[in-house]
Amino acid sequence: MPPITADIAIIGAGVSGLASAYYLAKAGLDVVVVDKGLAGGEASGRNGGMIGERTDDPPVIPIAVESINLWKTLEQELGYPTEFTHQGRIQVAVTEEEMNDLFTERDVASRQGITMELIDPEHVQDLIPGISPRVLGGAFFPNGGHANPQRSVQAFAWAFQDLGGRLYQNTAVTGFKLGNGRVAAVETTAGDIAADMVISAAGPQTAILAEMVGVHVPVAPARVEILATAPIEPLFDIALVGNGLYGRQAVRGNLLFGGGPHEWADVDLTSDPNKTNTPLIINIGRRLAEILPAVADVPMLRTWAGIVEQAPDYIPIIDFLPDPSNYLVVTASAHGFGICPATGKAVSELILNGESSIDISAFTLSRFSDIKSDWRQQRGWVPAA
Ligand SMILES: Cc1cc2nc3c(=O)[nH]c(=O)nc-3n(C[C@H](O)[C@H](O)[C@H](O)COP(=O)(O)OP(=O)(O)OC[C@H]3O[C@@H](n4cnc5c(N)ncnc54)[C@H](O)[C@@H]3O)c2cc1C
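Residues numbered from 1 in each chain as written. Predicted model: local features only at pLDDT ≥ 70, side-chain atom pairs only at ≥ 80, totals over all residues. Heavy atoms only, no water.

Colleague: For this particular structure, what's the right way to read the site of the ligand?
Modeller: With respect to spatial proximity, 38 residues lie near the ligand, and among them Ser16, Asp35, Ser44, Glu309 and Gly338 are the closest. Between the ligand and methionine 50, the relevant distance is 3.0 Å, taken from a nitrogen atom to a main-chain nitrogen or oxygen of the residue. In the model, an oxygen atom of the ligand is placed 2.6 Å from a nitrogen or oxygen of the glutamate 309 side chain. Here the ligand has 1000 Å² of accessible area as a free molecule, and 97% of this is covered by the chains. Elements with a minimum of two residues in the shell around the ligand: helix H1 (15–26), helix H2 (43–46), strand E12 (220–229), strand E16 (300–310) and helix H10 (336–353). If one sorts the elements of the shell around the ligand by residue count, E16 sits on top with four residues. (Near = heavy atom within 4 Å. Polar contact = N/O pair within 3.5 Å; in protein donor to acceptor, adjacent residues only side chain to side chain. Areas by Shrake-Rupley, 256 points an atom, 1.4 Å probe, with all protein chains shown as cover. Helix = DSSP H or I, 4+ residues; strand = E, 2+ residues; numbered from the N terminus.)

Colleague: What is the right way to read the pattern of salt bridges from this model?
Modeller: Any two side chains of opposite charge can pair, given that their charged atoms come close. Evaluation of the coordinates by the stated rule reveals 15 salt bridges. Put simply, glutamate 83 and arginine 252 hold a salt bridge, and the shortest N to O gap is 3.1 Å. Of this pair, glutamate 83 sits in the loop between helix H4 (74–78) and strand E4 (89–93) while arginine 252 sits in the loop between strand E14 (245–249) and strand E15 (255–264); the two residues are 169 residues apart in sequence, bridging distant segments of the chain. Relative accessible area serves as the criterion here: at 48%, arginine 252 is assigned to the partly exposed category. (Salt bridge = Lys/Arg side-chain N within 4 Å of Asp/Glu carboxyl O. Buried < 20%, exposed > 50% of the residue type's maximum accessible area, 1.4 Å probe, protein only.)

Colleague: How do you make sense of the sheet that holds E15 when you look at a structure like this?
Modeller: Strand pairing in a sheet relies on backbone hydrogen bonds, with the paired strands running either antiparallel or parallel. Taken in spatial order, the eight strands of this open sheet run E5-E6-E4-E13-E14-E15-E12-E16, and their pairing is mixed. At either end of the open sheet lies a strand with only one pairing partner, and these are strand E5 (117–119) and E16. For this sheet, the mean angle separating the axes of adjacent strands, direction not counted, is 25 degrees. Taken together, the three bridges between E5 and strand E6 (residues 137–141) define a ladder with antiparallel strand orientation. (Pairing = 2+ DSSP bridges. Axes fitted to C-alpha atoms, helices over the stretch in contact; angles between N-to-C directions.)

Colleague: Help me out: how do you make sense of the packing of aromatic side chains in this one?
Modeller: The way to describe two aromatic rings as a pair is by their centre distance and the angle between their planes. Tallying each qualifying case throughout the model produces nine aromatic pairs. Ring geometry for tyrosine 22 against tyrosine 23: centres 5.1 Å apart, planes inclined by 75 degrees, an arrangement best described as edge-to-face. A network of ring pairs unites the aromatic residues Trp264, Tyr314, Trp375 and Trp381 as a single cluster. Against the face of phenylalanine 141 rests arginine 89, its NZ or CZ located 4.2 Å from the ring centre. Seen from the ring of tryptophan 381, arginine 379 lies directly overhead, with NZ or CZ sitting 4.9 Å from the centre. (Phe/Tyr/Trp six-rings, centres within 6.5 Å; stacked < 30°, edge-to-face > 60°. Lys NZ or Arg CZ within 6 Å of the ring centre and 35° of its normal.)

Written out as structure tokens, the structure reads:
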């Protein structure tokens, strides 16, 4: 069978791959996206939908800020709904220690130029009716919100295809043909794809694919769980973090909440990672009932898990491999949904102009040049026995 040809071959139809595909196709390039499953079938369609500036990873702030700007007009840009709401994010404290952390966070936010206001329990009650009286206060970040992950993936996928982009689902990448320091073709279960450039946006499979071209890219998979309650009347539209949880109320009324701890996992090249739930979901349900006692009797409707991609320093990677030189690694280190519009913009600018207008200078691969191949074992980032 003759190879499929394209300017750009993108591995992975999650938000990172599809947002990159959309902006590249919009710039006039011929782009093919392949995914071993369905578009958004992995973390991109399974996540909490939280969007916003965070104080914990300063190098991610510029791309997060640019992303929020893009989210504001993304529905018009793509022509499809994302259910983005921009009512802000609140982080609540239920212990004195957490309250002290919020004071520290206020100082950090101020240094980083992030708008954040400490609010008292009454103000928290106004924003989240029914929140536990145990809440001692909150940090309100006005520049945040949430969106529907599945809708957003669809929006990027449809808008990309409207521009003539080709999306091959249920098509796994199984290898690469190399020559002259470049990828000559991407081998897939549907045949070869010959492209000038390859973008690996394969989430937790990033490291496995990179090994196939002889490069160690440190990304570890971790399993995360989420629950959805039955729909209830509109209660709040702000994104909520607290009691070890993060979540939101969806447009249709369901409460969607997830929480740690992350569980280190292994994935392989083609199969679906294990996504059955564990007792953790009961724990998440308990924590939700504690923080929102008003909804303690609302039944759980669905639960699911997903696999996040974690770099050792929790910061995304957007960088070319030195060899093969036409292989761009794009992986979000668990920030991926919130930052996806700006990821797509940054990737397209990098390919078209050789640099991005968004500060992604911390997202290089060279920061890991000294990392040992057994870094996961050294840190204990390996599946429990
Ligand atoms: C439960 C959960 C909650 C989360 N909550 C949030 C949140 O609230 N806010 C936030 O910003 N982020 C959140 N995240 C993280 C976020 O979802 C991810 O960072 C983001 O979706 C990563 O997108 P991606 O496109 O890079 O990777 P993925 O969504 O993992 O997509 C990678 C794609 O590559 C495909 N692929 C892999 N290997 C191959 C192969 N060999 N051949 C072909 N295709 C292949 C996969 O099938 C997959 O579709 C959460 C994640 C989870 C799991």
